[in-house]
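A structural walkthrough
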Amino acid sequence: MEENGFVLVTGGAGFIGSHTCLDLLEKGYGIIVIDSFLNSYPKSLERVKQILRSKNLTFKDKIFIYQGSLKNKDFILRVFNESEKNGCRIDSVIHFAGLKSVKDSIKNPLNYYEENVLSTINLLYVMNLFACKIIVFSSSATIFKPFENKLINEECQIESINPYASTKIFIERILNDLHISDKKNWKIMNLRYFNPIGAHSSGALGESPKGLSHNLFPLIMECAIKKNFTLKIFGKNWPTKDGTCIRDYIHVMDLAEGHIKALEFLRKNEPTIINLNLGTGIGTSVVDLIKVFENTNKENLSFLFTDRRKGDLPFLVADNKYAKDLLNWTPLRSLEQMCKDGWNWKLKNPNGY
Ligand SMILES: NC(=O)c1ccc[n+]([C@@H]2O[C@H](COP(=O)([O-])OP(=O)(O)OC[C@H]3O[C@@H](n4cnc5c(N)ncnc54)[C@H](O)[C@@H]3O)[C@@H](O)[C@H]2O)c1
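Source: prediction; values computed, not measured.

So, about the overall build of the protein chain. Looking only at helices and strands, the protein chain has eleven helices and 14 strands in total. Considering only C-alpha atoms, the protein chain reaches an extent of 55 × 45 × 40 Å along its principal axes. Put simply, the protein chain has 353 residues, and 45% of those count as buried. The long-range share in the protein chain, meaning contacts at least 24 apart out of those at least 6 apart in sequence, stands at 84%.

Quick look at the structure:
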């Protein structure tokens, strides 16, 4: 691995980023992390180091952390320059940084275009300048136009239903144009994630956003920890087996491993651009998830049914065949494991980091 340069991980202190940083370091990669800590805490990366120490794994000269925003192109230039001078040339990027709340994006679209799209343009500009042309990008399953109860493959129609989804679609298009402009060099993978949940099995690393998450799994855990919290289930008359919405939940460590496989694929193969769905291919309804959480963790949740939420969709599940074949990757962890690991994290860190 030494002949390769360092991997720049943007948004590396965040939920998926921190788990991926851990996996990269465990596999011997050298990493540079950029994070503005807009939606995360430096402590997540301290925990990454703590887990490595507990396994007697060394990370000396393997991780460098820069606090700053990708909105600032000069800052990105400085990181690339300094890394090169220090003998840690950046040769590839895993680009997690960005905002991710659909609700907030509807309220503050400009903020989303600035944090997600403008930041990515700055990053790509600097990558181009430094001839660093390998990028794995965090896209999302929210870009798809779902059609009833069918698994979503990479060819499915794309349609934006909110500004957050638009930012992901625009970035994918920018990456596509960039690839066309220099097909002999750019190696690009757009990973469309489904619903990452769970946490590292140590309970030292997990999801800890700034502010309340609107996602189901963090709300389930909130409900389990605060005994006076009632979980709202939006709609019980969707066209699904039990009337509640169906999603594809994937363990965050399986997702992290998918990123490393994606990076390795790009490093080994000819320049290309590939779109890939990362999910388990298994549909789980809201009621299923609550039941599995309750049974696995021996907890009782209080919930009630309310009206459907505007913008929700009944069924979003990945066809993950292409990812499995191309990357030789298989999500290994069960829904029970996701519930167990998520709850272990929450019990050990009821207020996050
Ligand atoms: N978690 C999900 O359910 C999900 C699903 C699909 C796609 N994604 C995408 O995956 C990526 C990572 O998601 P996550 O769940 O880890 O989110 P997260 O909020 O935990 O992590 C994102 C990180 O990026 C940082 N950041 C944001 N804007 C930045 C900027 N301009 N410059 C530098 N740092 C910045 C934040 O501080 C945070 O640490 C995001 O791009 C998100 O849109 C997430």
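For the pair helix α9 (residues 286–297) and helix α11 (residues 335–348), the least separation of the axes is 9 Å and the interaxial angle reads 65°. α11 is crossed by α9, and the crossing has right-handed handedness. On α11, the residues touching Val 292, Phe 293, Thr 296 and Asn 297 of α9 are Leu 335, Glu 336, Cys 339, Lys 340 and Trp 343. Considering only residue class, the contact of α9 with α11 consists of five nonpolar, two polar and two charged.

The next point concerns the nonpolar core. In a soluble, globular protein the nonpolar side chains are often hidden away together inside. Core analysis: the biggest nonpolar cluster contains 93 residues, and Val 7, Cys 21, Ile 31, Val 33, Met 189 and Ile 220 have the highest contact counts within it. Per-element tally for this core: the top contributor is helix α8 (residues 252–268), with eight residues.

Below, the discussion takes up the site of the ligand. Lining the immediate environment of the ligand, one finds 30 residues, of which Gly 11, Gly 14, Ser 40, Gly 98 and Ser 138 sit closest. Listed by contribution, the elements that provide at least two residues to the shell around the ligand are α1 (15–26), β2 (31–35), α5 (109–129), β5 (134–140) and β7 (195–197). Counting residues per element, the shell around the ligand draws most heavily on α1, which supplies three residues. Its residues assigned to classes, the shell around the ligand shows 13 nonpolar, 13 polar and four charged.

It is the contact of helix α7 (residues 216–225) with α11, at a shortest axis distance of 10 Å, that shows an interaxial angle of 50°. In terms of orientation, α7 and α11 fall into the oblique class. α11 is crossed by α7, and the crossing has right-handed handedness. Only Gly 342, Trp 343 and Lys 346 of α11 make contact with α7, whose side of the interface consists of Phe 217, Met 221, Ala 224 and Ile 225. Across the contact of α7 with α11, the residue classes tally to five nonpolar, one polar and one charged.

A few words on helix α3 (residues 73–85). End to end, α3 covers 18 Å across 13 residues, agreeing with the expected 18 Å (1.5 Å per residue, within 8%). Restricting attention to buried positions, one finds in α3 the residues Ile 76, Val 79 and Ser 83. Buried residues of α3, viewed axially, fall in a sector of 55°; they line one side. Residues of α3 that are exposed and point over 90 degrees away from its buried face: Asp 74 and Lys 85.

The strand order β3-β2-β1-β4-β5-β6-β11 describes an open sheet built from seven strands, whose pairing is parallel. The open sheet is flanked by β3 (63–67) and β11 (272–278), the only strands paired with a single partner. The average angle at which neighbouring strand axes cross in this sheet is 15°, direction not considered. Note: strand β1 (residues 6–10) against β2, four bridges, orientation parallel. Considered in β2, the bridge of Val 7 is made with Ile 31.

Looking at the element boundaries, Met 189 is found in strand β6 (residues 187–193). On a C-alpha basis, the gap between Met 189 and Ser 36 in space is 24 Å, while along the polypeptide they are 153 residues apart. Beyond its immediate stretch of four places on either side in the chain, Met 189 contacts Val 136, Phe 137, Ala 262, Leu 266, Ile 274 and Leu 276.

The next point concerns unusual backbone geometry. Residue Phe 37 is not a glycine yet carries a positive backbone phi of 60°. Position of Phe 37 relative to the elements: it lies in the loop between β2 and α2 (43–54). Classification of Phe 37 by C-beta neighbours within 10 Å gives partly exposed; the count is 15. Backbone geometry at Lys 298 places phi at a positive 55°, although glycine is not the residue there. Looking at the element boundaries, Lys 298 is found in the loop between α9 and β13 (303–306). Looking at Lys 298, the number of C-beta atoms within 10 Å reads 7, which means it is exposed.

Moving on: the sheet that holds strand β14 (residues 315–316). Across the sheet, three strands lie side by side as β12-β9-β14; this open sheet has mixed pairing. Two strands lie at the open edges of the sheet, namely β12 (284–285) and β14, each paired on one side alone.

Right, let's get into α9. Given a rise of 1.5 Å per residue, twelve residues ought to cover 16 Å, and the 17 Å separating the end C-alpha atoms of α9 matches this to within 8%. Among the residues of α9, those classed as buried are Val 286, Leu 289, Ile 290, Phe 293 and Asn 297. Seen along its axis, α9 keeps its buried residues to an arc of 100°; they face one direction. Looking at the buried side of α9, the elements it contacts are α7, β8 (231–234), β10 (249–251), β12, β13 and α11.

So, how was this worked out
Residues numbered from 1 in each chain as written. Predicted model: local features only at pLDDT ≥ 70, side-chain atom pairs only at ≥ 80, totals over all residues. Helix = DSSP H or I, 4+ residues; strand = E, 2+ residues; numbered from the N terminus. Buried ≥ 20, exposed ≤ 12 C-beta atoms within 10 Å, placed from the backbone. Contact = placed C-beta atoms within 7 Å. Axes fitted to C-alpha atoms, helices over the stretch in contact; angles between N-to-C directions. Left-handed = near helix turned anticlockwise from the far one by under 90°. Nonpolar A, V, L, I, M, F, W, Y, C, P; charged D, E, K, R; others polar. Core = buried A, V, L, I, M, F, W, Y, C linked by C-beta atoms within 7 Å. Near = placed C-beta within 6 Å. Parallel < 35°, antiparallel > 145°, perpendicular 65-115°, else oblique. Expected span 1.5 Å × (residues − 1). Arc of directions from axis to C-beta. Pairing = 2+ DSSP bridges.

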